[in-house]
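Chain and residue survey
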Amino acid sequence: MDVREMIAGTKHAPAHLGDILVLGLGKSGRIAADYCLGLLGSRVSSLSVAAGPDTEANRAEGDRLAAAGARVAYGESVDDSLLPESGSFDLCIASPGISEFGTFYGQAAAVSAEVVSEVEFAWRESAADSRWVAITGTNGKTTTTALTAHVLQACGMRAAAVGNIGDTCLAAVQAGKTDVYVAEVSSYQLASTRLFAPDVAVLLNITPDHLKWHQGMDNYIAAKARVYANLPVTGGTVVMDAVNDIVRAQVVALKAIPDDERGFSYIPIGTADGLREDMHERCGSAHSAFIDATGMLCVRWGGDLVRLVHEDELQIPGEHNASNALAAASAALAIGADAAGVREGLKSFAPLAHRIEPCGEVDGVACYNDSKATNVDATLKALAAFGQKRPIVLLGGDDKGTDLAELVAEVQRHCKAAVCYGEAGPRFLQAFEGATVPVIAASHMADALDAAFEVAVPGDIVLLSPACASFDEFRSFEHRGDVFREMIAARRKPADA
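In this text the structure is predicted, and so the values were computed from the model without any measurement.

This paragraph deals with the overall build of the chain. Counting its regular elements, the chain contains 20 helices and 20 strands. Scaling as 2.2 N^0.38, a compact globule of 497 residues should have a C-alpha radius of gyration of about 23 Å, and the chain matches this with 24 Å. Across its three principal directions, the C-alpha atoms of the chain cover 70 × 55 × 40 Å. Burial analysis of the chain (497 residues in total) assigns 56% to the buried set. Considering only intrachain contacts with a sequence separation of at least 6, the fraction spanning at least 24 residues in the chain is 68%. Only carbon and sulfur atoms are counted for the fraction: they give 50% of the accessible area of the chain, which is about 19,600 Å². Charge separation in the chain, taken as the distance between the mean sites of 41 positive and 64 negative side-chain charges, equals 3 Å.

Quick look at the packing of helix α5 (residues 141-154) against helix α14 (residues 319-334) now. One way to put it is that α5 packs onto α14 with a least axis distance of 9 Å and a crossing angle of 45 degrees. Taken together, the axis directions place α5 and α14 in an arrangement best described as oblique. Crossing hand, α5 versus α14: right-handed. For the pair α5 and α14, the contacting residues are T143, T144, L147, T148, V151 and L152 in the first and N321, N324, A325, A327, A328, A331 and A332 in the second. Each residue belonging to the contact of α5 with α14 can be placed in one class, and the counts come to 8 nonpolar, 5 polar and no charged.

With that out of the way, let us pick up empty space enclosed by the protein. Take a probe with the size of a water molecule and roll it over the atoms, and the empty space left behind shows itself. A full pass over the atoms with the stated rule returns 2 cavities of 30 Å³ or more. Space inside the largest cavity adds up to approximately 50 Å³. Taken together, R4, H12, P14, L17, L91, E114, F121, R124 and E125 make up the full set of residues lining the largest cavity. Per-element tally for the lining of the largest cavity: the top contributor is helix α4 (residues 118-125), with 3 residues.

Attention shifts here to the packing of α5 against helix α15 (residues 339-348). Their axes nearest at 8 Å, the elements α5 and α15 cross at an angle of 135 degrees. One finds that α5 runs oblique with respect to α15. Classified by chirality, the crossing of α15 by α5 is right-handed. Judged by residue contacts, L147, H150, V151 and A154 of α5 engage G341, V342, E344, G345, L346 and S348 from α15. Of the residues belonging to the contact of α5 with α15, the class tally is 5 nonpolar, 4 polar and 1 charged.

Turning our eyes to something else, we now look at the sheet that holds strand β2 (residues 44-50). One open sheet accounts for 5 strands, arranged β3-β2-β1-β4-β5; its pairing is parallel. In this open sheet, the two edge strands, each paired with only one partner strand, are β3 (71-73) and β5 (115-117). Going across the sheet, the axis of each strand differs from the next one's by a mean of 20 degrees, ignoring polarity. When strand β1 (residues 18-23) meets strand β4 (residues 91-94), the two strands line up parallel, connected through 4 bridges. In the strand pairing of β4, L23 is matched with A94. Across the sheet, helix α3 (residues 103-110) touches β1, β2, β4 and β5, and the angle it forms with β1 is around 180 degrees.

Look at α14: 22 Å from first C-alpha to last across 16 residues, which is about the 22 Å you get at 1.5 Å a residue. Counted residue by residue, α14 has 15 buried out of 16 residues, so it is predominantly covered. G336, located one to two residues past α14, shows a positive phi value of around 110 degrees.

As a further point, take the sheet that holds strand β18 (residues 417-421). If you trace the 6 strands from one edge of the open sheet to the other, you get β15-β16-β20-β17-β18-β19, paired in mixed fashion. Lying at the two open borders of the sheet, with one neighbouring strand each, are β15 (357-362) and β19 (439-441). Each strand axis lies, on average, 20 degrees off the axis of its neighbour in the sheet, ignoring direction. Of the strand pairs in this sheet, β18 and β19 are connected by 3 bridges, and their pairing is parallel. Pairing of C420 across the sheet is with A441, part of β19.

A full pass over the atoms with the stated rule returns 6 aromatic pairs. Ring geometry for W132 versus Y181: centroids 4.6 Å apart, planes at 25 degrees, classification stacked. With a gap of 49 residues between them, W132 in strand β6 (residues 131-136) and Y181 in strand β8 (residues 180-184) connect regions that are remote in the sequence. In terms of burial, W132 and Y181 fall into one category: buried. Measuring from ring centre to ring centre gives 5.0 Å for Y368 and F386, while their planes differ by 70 degrees; the resulting arrangement is edge-to-face. With a gap of 18 residues between them, Y368 in strand β16 (residues 365-369) and F386 in the loop between α16 (376-383) and β17 (392-396) connect regions that are remote in the sequence. Owing to a relative accessible area of 18%, Y368 belongs among the buried residues under this scheme.

Moving on to the side chain of S46. Within the secondary structure layout, S46 lies in strand β2. Separated by 2.6 Å, the side chains of S46 and D19 make a polar contact. Ignoring anything within four residues of it in the chain, the contact list for S46 reads G18, D19, I20, L40, R71 and P84.

Here we come to the side chain of S371. With respect to the helices and strands, S371 occurs in the loop between β16 and α16. The exposure class assigned to S371 is buried, which follows from its relative accessible area of 0%. There is a polar contact of 3.4 Å between the side chain of S371 and the backbone nitrogen of G481. Beyond its immediate stretch of four places on either side in the chain, S371 contacts H354, L464, P466, F477, R480 and G481.

Among all residues save glycine, negative phi is the norm, and among peptide bonds the norm is trans. A positive phi angle, close to 70 degrees, is found at H354, a residue other than glycine. Within the secondary structure layout, H354 lies in the loop between α15 and β15. One non-glycine residue with positive phi stands out, namely D363, at about 50 degrees. Checked against the element boundaries, D363 lands in the loop between β15 and β16.

Cut-offs applied
- Residues numbered from 1 in each chain as written.
- Predicted model: local features only at pLDDT ≥ 70, side-chain atom pairs only at ≥ 80, totals over all residues.
- Heavy atoms only, no water.
- Helix = DSSP H or I, 4+ residues; strand = E, 2+ residues; numbered from the N terminus.
- Rg over C-alpha atoms; globule rule 2.2 N^0.38 Å.
- Buried < 20%, exposed > 50% of the residue type's maximum accessible area, 1.4 Å probe, protein only.
- Contact = heavy atoms within 4.5 Å.
- Areas by Shrake-Rupley, 256 points an atom, 1.4 Å probe, with all protein chains shown as cover.
- Lys, Arg positive; Asp, Glu negative; His and termini not counted.
- Charge placed at Lys NZ, Arg CZ, Asp CG, Glu CD.
- Axes fitted to C-alpha atoms, helices over the stretch in contact; angles between N-to-C directions.
- Parallel < 35°, antiparallel > 145°, perpendicular 65-115°, else oblique.
- Left-handed = near helix turned anticlockwise from the far one by under 90°.
- Nonpolar A, V, L, I, M, F, W, Y, C, P; charged D, E, K, R; others polar.
- 1 Å grid on protein atoms, 1.4 Å probe; cavity = no way out; pocket = protein on both sides within 12 Å on 5 of 7 lines; lining within 4 Å.
- Points joined across faces, edges and corners; volume = space filled by probe spheres on them.
- Pairing = 2+ DSSP bridges.
- Expected span 1.5 Å × (residues − 1).
- Phe/Tyr/Trp six-rings, centres within 6.5 Å; stacked < 30°, edge-to-face > 60°.
- Polar contact = N/O pair within 3.5 Å; in protein donor to acceptor, adjacent residues only side chain to side chain.

In short, shape yes, function no, at least from these values alone.
Laid out in structure tokens, this is it:
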């Protein structure tokens, strides 16, 4: 039990933080170090930074922090020179890129009273009356986070999308301009949470990803489930994608716990049979979210059935985005938003960059940038987003080595053709042997786009949805998507522009 004196009016901010270690100098590490530097000599006794690799960028940040009074060391170890006089730290704030199963993290944990993520630290430092919506899942996090913040803003709330989208959680807390923090949180960040207790948690889906970091699927699932682990503290609500087998198993487990023992509510989205089924009708769930027989997005909450908008009124295409919209609407209603504002927000939300993003036409061929699809599951959702239209899909990049059988089946079901390119190209081509749709080989993304246009005719769709990471050619999925957009713009005739 924490017996330290806490600052009144905060979630759980000690009056004296003591000796602090910041592990890693990524985006979250830099804001944590700067925040603690501002408290040096008052709440913070000393600040040490284990900066990680001795790169030019880390060295520049490290030199700046050292000049301001921090101890800084480079390399993926906790150097003895970082230790305070006591020989241990009161708190370590770990960057999400550093695996909890790695030596670097383990060394930090061995000399720290506790290790938390920047998300946890930000929540602790935030105002006691602030509210938090924490959103996680393998795919759809960013869209749902942005959409939830947009909906809450449409309802007149001072809400902001934070975490892995927008400002870091700590930067937003420090700015003090937000009443409702809508935080996109990854499994990396959740793995190092201890007390983090949002008012609403959203668990979108869980499919295999980041397994090397987590050392297995069980650890990955456990990290994701931490998003609602402390909901009994707030008596809040978790919104859960019951269409997903893994998440639905957690819904079943929660249903088996009596309400007074569970201490929080849950809203399942859909059922095992899809979004168009109601868990309330299926098995008596008190709350539910689904698409009704007329195509209306519905949320059963607080004893009422709230009919929101028709799925065709959403500007973001695809059933997976209808699911994201149901999640956002459920979260908004659970935190107290009014239905009219939720409807307005759902209808006015536009697609995000790199997520089935329209990027113009070339000779009558519509082009979409879905560079964010860095795994097979994300690409499967994109393939199904165009109804009866059959896109020509560009697949490839830095291969994650995942099974491709379902991808092959869904490409044949939904696509006119596929173009396989990049480092992953040869393995993808091998997987598509005997496919019932044309499959074309290309060296790089530019070649893949040219090949797609060679088989496209006016009215067709060319879709970049790679099912791979970007690092064989690009710095990030954003860089890949930006380059794709530039390629489309360069190929458009002046009359098309």
